[in-house]
Amino acid sequence: MKRHKIAVIAGDGIGPEVIEAAIPVLERAAAQHRFGLDLERLPYSADHYLKTKETLPDHAFRHLRDDVDAILLGALGDPRVPANEHARDILLGLRFRLDLYINFRPVQLLHPDLTPLRSDRPIDFVVFRENTEGVYLGRGHIDQDEYVAEDVNTTKGVERIIRAAFQWAQAHGKTRVTMSDKANAVPAHQVWQERFKRVAAEFPGIEAEHRYVDALALELVRDPARFQVIVTNNLFGDILSDLGAALVGGLGVAASANLHPGRAGLFEPVHGSAPPLAGKGVANPMAAVLTGALMFEQLGHREAARDLERAVQQTLAA
Ligand code: IPM
Ligand code: MN
């Protein structure tokens, strides 16, 4: 029987409860599809940081890089750590240092009652969020009266996320990719325009369209059904994926995968640690279960992934 090594970082707030609720579901699906999960629970979290001053030690980073098949993460963020430096080191640190440049965030309406919109058209698109550049790198400076954040866009970084979006579209029978930037106001976003044209030319069967991010936000509310694949930078992808979640039921059902093809991925629900909800038994673990489905898919167990999605869908319907 095939077994997979999964590192589990449950994290803060509602992270541990949604992860512990999801794990039996994942194990059941794995058993039914004849593969096994070797779970290794790692302590990195705000609690651990406050006790030890350690965020993600180097030996743990190397272990996650070299020895596991996937990382399953709950949520990070705790009001006792005001700037959330532990989350920066653990979550953003893993995204950057493992070079997980694809933040894959599906937005799918699993039950018609879940959308706040009046339309009853199906909503089913994916956000390809660039995950290793942009303002998230934290470059810039803060002194006196100037708080400067640099928005880093490299040709390599932009091109590879755009290509990933087109390749996925092609492999999944999609016919349109929408790229979103703010090139009308931010000169650095020219690189998105240039690379998008270049990569789109490699995929003549797929319509390549562009939307400025403000207009896209509007259109996503007005007519989400027309979108299939959206590719954008780190910050815009962060914002649009929450907007997308709101269209299909909220953060309780939004899953994500941080990927670099050929490497172990990092899988996390889109939601945060939600401190006011923690410990009350009210956090929705469906996003964590659907995140498990993305992990199974990546590990090569497509049927088990579909089973998890169906289980969530049937639970919602019931
Ligand atoms: C997300 C979260 C993170 C992000 C935070 C916790 C740093 O909002 O995964 O979308 O902004 O990437
Ligand atoms: Mn976010």
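Student: I'd like a rundown of the nonpolar core, residues and numbers included.
Tutor: The tendency in soluble globular proteins is for nonpolar side chains to be buried as a group. Counting 59 residues, the largest nonpolar core has F128 and F296 as its most contacted members. Each of domain 1 (1-100 + 255-318) and domain 2 (116-247) gives at least three residues to this core. Residues in contact with F128, not counting those within four places in the same chain, are I102, N103, F104, I161, A164, A165, W168, V229, I230, V231 and T232.

Student: Break down the site of ligand 1 for me, with residues and values.
Tutor: Around ligand 1, the neighbouring residues are R95, R105, R129, Y136, D238 and E268. Protein contacts shield 72% of the accessible area of ligand 1, which totals 320 Å² for the unbound molecule. A per-class count over the shell around ligand 1 returns 1 nonpolar, no polar and 5 charged.

Student: Let's hear about the packing of helix α5 (residues 155-171) against helix α6 (residues 190-200): which residues, and what values?
Tutor: Where α5 contacts α6, the two axes come as close as 9 Å, and the packing angle between them is 45°. The angle between α5 and α6 falls in the class oblique. As for the relative orientation of α5 and α6, their crossing is right-handed in sense. Note on element contacts: α6 touches α5 through V191, W192, R195, F196, R198, V199 and A200, opposite T155, V158, E159, I161, I162, R163 and F166.

Student: Could you give me a rundown of unusual backbone geometry, with the residues and numbers involved?
Tutor: Positive phi is not limited to glycine here, since D99 has a value of about 55°. Within the secondary structure layout, D99 lies in the loop between α4 (85-97) and β4 (102-108). Exposure remark for D99: the relative accessible area of 18% places this residue in the buried category. Non-glycine residue Q144 carries a positive phi angle of around 45°. With a relative accessible area of 74%, Q144 lands in the exposed category.

Student: Got a sec to walk through the side chain of R226? Specific residues and values, please.
Tutor: Along the chain, R226 falls in the loop between α7 (213-222) and β10 (229-232). For R226, a relative accessible area of 17% translates into the label buried. In this view, R226 contacts R176, E209, R211 and E219; residues no more than four positions away in its chain are not counted.

Student: Lay out helix α9 (residues 286-298) in plain terms, naming residues and giving numbers.
Tutor: Between its terminal C-alpha atoms α9 stretches 18 Å, which fits the 18 Å expected from 13 residues at 1.5 Å a residue. For α9, a buried count of 11 out of 13 residues is recorded, marking the element as mostly surrounded by other parts of the structure. Within the span of α9, buried status applies to M286, A287, A288, V289, L290, T291, G292, A293, L294, M295 and F296. Of the residues one or two after α9, G300 is the one with positive phi, at around 95°.

Student: Break down the domain arrangement of the chain for me, with residues and values.
Tutor: Examined at the domain level, the chain breaks down into domain 1 (1-100 + 255-318) and domain 2 (116-247). Here the C-alpha centroids of domain 1 and domain 2 sit 24 Å apart. Counting from both sides, the interface comprises 9 residues of domain 1 and, opposite them, 8 residues of domain 2. In this assembly, domain 1 packs against domain 2 so that about 740 Å² is buried in total across both faces, 44% of it on carbon and sulfur atoms. On the domain 1 side of the contact with domain 2, R95, F96 and D99 bury the most area, a combined 52% of that side's loss. For the pair domain 1 and domain 2, the interface holds 1 salt bridge. Summed over the shared surface of domain 1 and domain 2, the result is 5 residue pairs in polar contact (both at pLDDT 80 or more). When residues of the side of domain 1 that touches domain 2 are assigned to their parent elements, the largest contribution, 4 residues, is made by α4. Each residue belonging to the side of domain 1 that touches domain 2 can be placed in one class, and the counts come to 4 nonpolar, 2 polar and 3 charged.

Student: An account of the packing of α7 against helix α8 (residues 234-247) is requested, with residue identities and associated values reported.
Tutor: Where α7 meets α8, the closest approach of the two axes is 10 Å, and the angle between their N-to-C directions is 10°. Regarding the angle of α7 to α8, the classification is roughly parallel. Taken together, the residues of α8 that come into contact with α7 (itself represented by V213, L216, A217, L220 and V221) are F236, L240, L243 and L247. Taken together, the residues of the contact of α7 with α8 break down into 9 nonpolar, no polar and no charged.

Student: Residue-level account of the packing of aromatic side chains, with values.
Tutor: By the definition in use, this model includes 6 aromatic pairs. Note on F166 and F196: the rings are 5.6 Å apart at their centroids and 35° apart in plane angle, and the pair reads as tilted. On the criterion of sequence distance, the pair formed by F166 in helix α5 and F196 in helix α6 is long-range, its members being 30 residues apart. With respect to burial, F166 and F196 carry one shared label: buried. On the basis of an interplanar angle of 20° and a centroid distance of 5.2 Å, the ring pair of F166 and F203 is categorised as stacked. Taken as a pair, F166 in helix α5 and F203 in the loop between α6 and β9 (207-212) lie far apart in primary sequence, 37 residues in all. Among the aromatic residues, ring-to-ring pairing joins F104, F128 and W168 into one connected group. The residue whose ring lies beneath R97 is F61, and the NZ or CZ to ring-centre distance is 3.8 Å.

Rules used throughout
- Residues numbered from 1 in each chain as written.
- Chains lettered and ligands numbered in written order.
- Predicted model: local features only at pLDDT ≥ 70, side-chain atom pairs only at ≥ 80, totals over all residues.
- Heavy atoms only, no water.
- Core = buried A, V, L, I, M, F, W, Y, C linked by side-chain atoms within 4.5 Å.
- Buried < 20%, exposed > 50% of the residue type's maximum accessible area, 1.4 Å probe, protein only.
- Domains from an automatic or database assignment.
- Contact = heavy atoms within 4.5 Å.
- Near = heavy atom within 4 Å.
- Areas by Shrake-Rupley, 256 points an atom, 1.4 Å probe, with all protein chains shown as cover.
- Nonpolar A, V, L, I, M, F, W, Y, C, P; charged D, E, K, R; others polar.
- Axes fitted to C-alpha atoms, helices over the stretch in contact; angles between N-to-C directions.
- Helix = DSSP H or I, 4+ residues; strand = E, 2+ residues; numbered from the N terminus.
- Parallel < 35°, antiparallel > 145°, perpendicular 65-115°, else oblique.
- Left-handed = near helix turned anticlockwise from the far one by under 90°.
- Expected span 1.5 Å × (residues − 1).
- Buried area = accessible area lost by both parts, 1.4 Å probe.
- Salt bridge = Lys/Arg side-chain N within 4 Å of Asp/Glu carboxyl O.
- Polar contact = N/O pair within 3.5 Å; in protein donor to acceptor, adjacent residues only side chain to side chain.
- Phe/Tyr/Trp six-rings, centres within 6.5 Å; stacked < 30°, edge-to-face > 60°.
- Lys NZ or Arg CZ within 6 Å of the ring centre and 35° of its normal.

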